[in-house]
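Working through the structure, step by step
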Amino acid sequence: MRILGIDPGLQIAGFGVVDVDGPQLRYVASGTIKTTHLVRGDLPARLKVLFDGVREVVQRYQPDMASVEIVFTNVNPQATLLLGQARGACITALVSSDLAVAEYTALQMKKAVAGYGKAGKAEVQQMVMRLLKLPALPGKDAADALGLAITHAHAGRSTAILAAATALKPNASASYKAGRHY
């Protein structure tokens, strides 16, 4: 299975592609989609670059599914809204390419990759390099994207094993408000 990880950002969005064969991970590609060449206030143009860039990555590497970082809320609400719009452009590009999208927080990704939810960027870069046997450190945004793909490779496998072992079925008595319980 081929997984595309996306680390959304309004100025720089990272992408990383890994192949998964059982417990084996293999690096395919990584990089960034940048909007820094555009006028800072031209949000629609930036979102279009992100959308088109993600679609191009999907077309080039033909992933089977994608994972995207969930936006955290920070001190600056305006920055959070802008990041959310960038994330939306990335997710829309993935979904319009008929890909299933899984979502993980930065904490979940760092825990899965580095073993510590508050790991720094450098630690994530080091662990991604080791896990994928890369000859050098990937860039920060690309490392986060690769980390998201790795996280989904591990989480997806675990979820499939649990589902098979427990024959998960929806709990019909759970209310709609509470969501479905398995």
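Whatever comes next refers back to the structure up there.
Conventions adopted
- Residues numbered from 1 in each chain as written.
- Predicted model: local features only at pLDDT ≥ 70, side-chain atom pairs only at ≥ 80, totals over all residues.
- Heavy atoms only, no water.
- Helix = DSSP H or I, 4+ residues; strand = E, 2+ residues; numbered from the N terminus.
- Buried < 20%, exposed > 50% of the residue type's maximum accessible area, 1.4 Å probe, protein only.
- Contact = heavy atoms within 4.5 Å.
- Pairing = 2+ DSSP bridges.
- Axes fitted to C-alpha atoms, helices over the stretch in contact; angles between N-to-C directions.

The helix and strand inventory of the protein chain stands at 5 helices and 5 strands. Starting at the N terminus and walking to the C terminus, you meet the elements of the protein chain as β-β-β-α-β-α-β-α-α-α. A burial count over the protein chain gives 39% of its 182 residues as buried. Intrachain contacts of the protein chain at a sequence separation of at least 6 include 58% that bridge at least 24 residues.

This part covers the sheet that holds strand β4 (residues 65–69). Strands sit in the order β3-β2-β1-β4-β5 across an open sheet of 5 strands; the sheet is mixed. Strands with a single pairing partner mark the edges of an open sheet, and in this sheet they are β3 (24–34) and β5 (100–104). On average, each strand axis in the sheet is tilted by 20 degrees relative to the strand beside it, whichever way the strands run. Both strand β1 (residues 2–7) and strand β2 (residues 12–21) contribute to a ladder of 6 bridges, which runs antiparallel. Each bridged residue has a counterpart across the sheet, and for R2 the counterpart in β2 is D19. Along the sheet, helix α2 (residues 77–96) makes contact with β1, β4 and β5, crossing β4 at roughly 175 degrees.

Let us look at the pairing of β2. Judged by how many residues are buried, β2 sits mostly within the fold: 8 of 10 residues are covered. As paired elements, β2 and β3 share 10 bridges and run antiparallel to each other. Among the inter-strand pairings, V18 is bridged to a residue of β3, identified as Y27. From the end of β2 to the start of β3, which pair antiparallel, there are 2 residues, and G22 there has a positive phi angle of about 65 degrees.

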